[in-house]
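Geometric and topological summary
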Amino acid sequence: MNTRSRALAWDPTTAIEALAAADAALWIWTPADDQIRFTGATRSLGLGPLAPECSGAAFAALAMPQDRALADRLLKPQAEGTEIAVRLRMRGCETCLWRGVWLEDGLRAAGVVALETKFAGADRDTLTGLLDRRTFLVRVAETLAQPGDFELVVADVDRLRRLNEALGHERADLVLSALGSRLAGAFSQDCSPARIGEDEFAVLAPRSATSASERMREALEQPLRVAGFDIYPTVSIGAVAAEGGPDAPDPAELLRRVELAVEQAKTAGRGGAAAYGRALESDSLSRLALEADLRNAFVRGEIEPFYQPIVNLKTGAVAGFEALVRWRHPQRGLVPPDDFLTLADEMGLMNELGLLMMTQAARQLAEWLHRHPGAGKLFCSVNLSVGEIERDHLVEDVARIIQETGLPRGALKLEVTEGDIMRDTAHAAEVLTQLREAGASLALDDFGTGFSSLSYLARLPFDTLKIDRYFVLTMNKDEGSAKIVKSVVNLGRDLSLEVVAEGVENAELAGLLLEASCHYGQGFGYAPALPAQEAEVYLNESLADGTAPIKARSA
């Protein structure tokens, strides 16, 4: 190598100095090792406490609380070649843009992180100045990570090809540029106005009395004059409703649905409008595809438990979690349980699903107990699926799982519904006794919704009652609900049973339950069901603070 070649060669020191000078850092995430490594300007990006390497849980813990769902999305393994673009705020730092790609069949991800201002303009459509399609999808994901009701609206400019032919591409571009300016003026940046295709504009707006579709139409269908021609643009509009939160739909799937609505709107002629509905899908083909996907989901590891905290009302400490099933579909995102549990039942997959949930939840609980000895007698509840109490080898499976994970006696709590017991009370009593002897604890779920509970409650080996969320949610407004809650709590104490109240939405309800001497509370007032990493962060913070946070009032 000659002198000039040596002078131009890169070496690690040069690369690190260049990154630091540019206020940027490289990151590499290896899920199998639970390790993120950083190189570059980590301190200025708020990553100093994590450098040079840290675990995924530590990374999520340093993110701002409202951005932890985004941190979890960045850490979630994806297929090789999947691009990453996440706007994330770490404690004590401005918003940073994390960009990268998944490598080696999804075994590692790597990329660059820098302040969002360093990437200014890179996420914009050059013609209109609006967000481009890729960045719009990122913003939709960020927005839907927060609870709320939203509406995704897409407008397709009618007859753009005709404009191109009549005016030429340059003048037609002036029309699109003007429409982009009008859209930006009609919607705030919080609605992420975007140009997502040659002739398509989109916004994501909170649902309100004022229709986002009508606002978009009013903005885009105003006449304009270009090169001496009066233009009267019309648009075909499609809309789809979306609920934000942990079960929010995947942005790409949401966009697919709204574009189906746009196609439907076009069938009505110029200026049409349509909202997405299941009728727009081919029911038979959609169901067939979903069935195939659900069978494969077990093989691909897409079925996983999310964990909702259960809090000791007297001390405020996290006492345990309830494992709730979630399906991370590679295209649809998080599929709501209501959309696949009935299908799983019809396909005969409920026993397989129940065993999977018990196994994963027990392993996760064992890891938490090992890593957090200060958590005390932490437990995890798992629902037995409908009819699972009658399946062969249930007791043997539970005993094996407890033995393999080394869980303390009673740490794995199995929840049973009244309907399962009523089918054959004598057999249920026998199986429940065997489960108790195998080391599981037992809870009667949704107590108070049936009519025969008292007849067998005293002679079945339950140690926990769970009060149905309806009575808890209404106990501050309905005297009857309050009396039922107090009666169940008193009954539980008389029978030496612990009582868990579901539906604790705020501090007021938690206070009323504490006054009634209820043992535990569970509900959105504390937290929704969380992915394992977020649940561990929640546990960590609760252990550090001494109590689990609770909302002052319902949203």
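For the structure given in this document, a descriptive report is provided here. (Residues numbered from 1 in each chain as written. Predicted model: local features only at pLDDT ≥ 70, side-chain atom pairs only at ≥ 80, totals over all residues. Heavy atoms only, no water.)

So, on to the overall build of the protein. Broken down by element type, the protein carries 20 helices and 22 strands. Principal-axis analysis of the C-alpha atoms gives the protein an extent of 85 × 70 × 45 Å. Per-residue burial for the protein yields a buried fraction of 50% across its 555 residues. Considering only contacts within the protein whose residues lie at least 6 apart along the sequence, 64% involve residues at least 24 apart. Only carbon and sulfur atoms are counted for the fraction: they give 51% of the accessible area of the protein, which is about 26100 Å². If the 57 positive side-chain charges of the protein are averaged to one point and the 80 negative ones to another, these points end up 4 Å apart. (Helix = DSSP H or I, 4+ residues; strand = E, 2+ residues; numbered from the N terminus. Buried < 20%, exposed > 50% of the residue type's maximum accessible area, 1.4 Å probe, protein only. Contact = heavy atoms within 4.5 Å. Areas by Shrake-Rupley, 256 points an atom, 1.4 Å probe, with all protein chains shown as cover. Lys, Arg positive; Asp, Glu negative; His and termini not counted. Charge placed at Lys NZ, Arg CZ, Asp CG, Glu CD.)

Their axes nearest at 9 Å, the elements helix H5 (residues 133-144) and helix H9 (residues 251-266) cross at an angle of 110 degrees. When the axes of H5 and H9 are compared, the pair comes out roughly perpendicular. Handedness of the H5/H9 crossing: right-handed. Between H5, through Arg-133, Leu-137, Val-140, Ala-141 and Leu-144, and H9, the contact on the second element is made entirely by Pro-251, Ala-252, Leu-254, Leu-255 and Glu-259. Within the contact of H5 with H9, the residues separate by chemical class into eight nonpolar, no polar and two charged. (Axes fitted to C-alpha atoms, helices over the stretch in contact; angles between N-to-C directions. Parallel < 35°, antiparallel > 145°, perpendicular 65-115°, else oblique. Left-handed = near helix turned anticlockwise from the far one by under 90°. Nonpolar A, V, L, I, M, F, W, Y, C, P; charged D, E, K, R; others polar.)

Over its twelve residues, helix H13 (residues 394-405) runs 17 Å from end to end, which matches the ideal 16 Å to within 8%, given 1.5 Å per residue. Those residues of H13 not exposed but buried are Leu-394, Val-395, Asp-397, Val-398, Ile-401, Ile-402 and Thr-405. With its buried residues spanning 165 degrees around the axis, H13 presents them on a single face. Relative to its buried face, H13 has exposed residues pointing more than 90 degrees away, namely Glu-396, Gln-403 and Glu-404. The secondary structure elements touched by the buried residues of H13 are helix H12 (350-371), strand S18 (412-416) and helix H15 (425-438). (Expected span 1.5 Å × (residues − 1). Arc of directions from axis to C-beta.)

Taken as a whole and assessed by the stated rule, the structure comprises 28 salt bridges. Its salt-bridge partner being Lys-76, residue Glu-304 comes within 3.1 Å of it at the nearest N-O pair. Here Glu-304, found in strand S14 (residues 303-312), pairs with Lys-76, found in the loop between helix H4 (68-75) and strand S4 (83-89); they are 228 residues apart in sequence, far enough to count as distant. Taking relative accessible area as the criterion, Glu-304 reaches 12% and is therefore assigned buried. The closest approach of N and O atoms between Arg-400 and Glu-404, which form a salt bridge, is 3.6 Å. Of this pair, Arg-400 and Glu-404 both sit in helix H13, four residues apart, roughly one helical turn. According to the relative accessible area criterion, Arg-400 is partly exposed, its value standing at 33%. Among the residues examined, Glu-404 registers a relative accessible area of 54% and is labelled exposed. Several salt bridges share partner residues, and in doing so they unite Glu-388, Arg-391, Asp-397, Arg-400 and Glu-404 into one network. (Salt bridge = Lys/Arg side-chain N within 4 Å of Asp/Glu carboxyl O.)

All right, on to unusual backbone geometry then. Keep in mind that most residues, glycine aside, have a negative phi and that most peptide bonds are trans. In the segment running from Ala-51 into Pro-52, the intervening peptide bond is cis, with an omega of 0 degrees. One non-glycine residue, Asp-34, lies in positive phi territory at about 50 degrees. Topologically, Asp-34 is positioned in the loop between strand S1 (24-30) and strand S2 (35-40). On the basis of relative accessibility, which here comes to 36%, the residue Asp-34 falls in the partly exposed class. Positive phi outside glycine occurs at Arg-159, with the angle close to 55 degrees. Residue placement: Arg-159 occurs in the loop between strand S7 (148-157) and helix H6 (160-167). Looking at Arg-159, the relative accessible area reads 44%, which means it is partly exposed.

Before going further, it helps to spend a moment on the sheet that holds S4. Across the sheet, which stays open at both edges, the six strands sit in the order S3-S2-S1-S6-S5-S4 with antiparallel pairing between neighbours. In the strand order of this sheet, the two ends are held by strand S3 (53-54) and S4, each with one partner. Here S2 runs beside S3; their pairing, made up of two bridges, is antiparallel. Bridged to Ile-36 within S3 is Cys-54. Contacts from H4 reach S1, S2, S4 and strand S5 (95-103) within the one sheet, and its direction differs from that of S4 by about 155 degrees. Lying on the sheet, H5 is in contact with S4 and S5; it crosses S4 at an angle near 50 degrees. (Pairing = 2+ DSSP bridges.)

What follows deals with the packing of aromatic side chains. Within the structure shown, the criterion is met by nine aromatic pairs. Consider the rings of Phe-38 and Trp-98, whose centres lie 6.3 Å apart with planes at 75 degrees: the pair is edge-to-face. Of this pair, Phe-38 sits in strand S2 while Trp-98 sits in strand S5, and the two are 60 residues apart along the sequence. This pair shows no difference in class: Phe-38 is buried, exactly as Trp-98 is. (Phe/Tyr/Trp six-rings, centres within 6.5 Å; stacked < 30°, edge-to-face > 60°.)

A volume near 810 Å³ is recorded for the second largest pocket. Lining the second largest pocket are 25 residues, with Lys-76, Gln-364, Glu-367, Ala-532 and Gln-533 positioned closest to its centre. Listing elements by their share of the lining of the second largest pocket, those giving two or more residues are H4, S14, H12 and helix H20 (532-545). When residues of the lining of the second largest pocket are assigned to their parent elements, the largest contribution, five residues, is made by H12. (1 Å grid on protein atoms, 1.4 Å probe; cavity = no way out; pocket = protein on both sides within 12 Å on 5 of 7 lines; lining within 4 Å. Points joined across faces, edges and corners; volume = space filled by probe spheres on them.)

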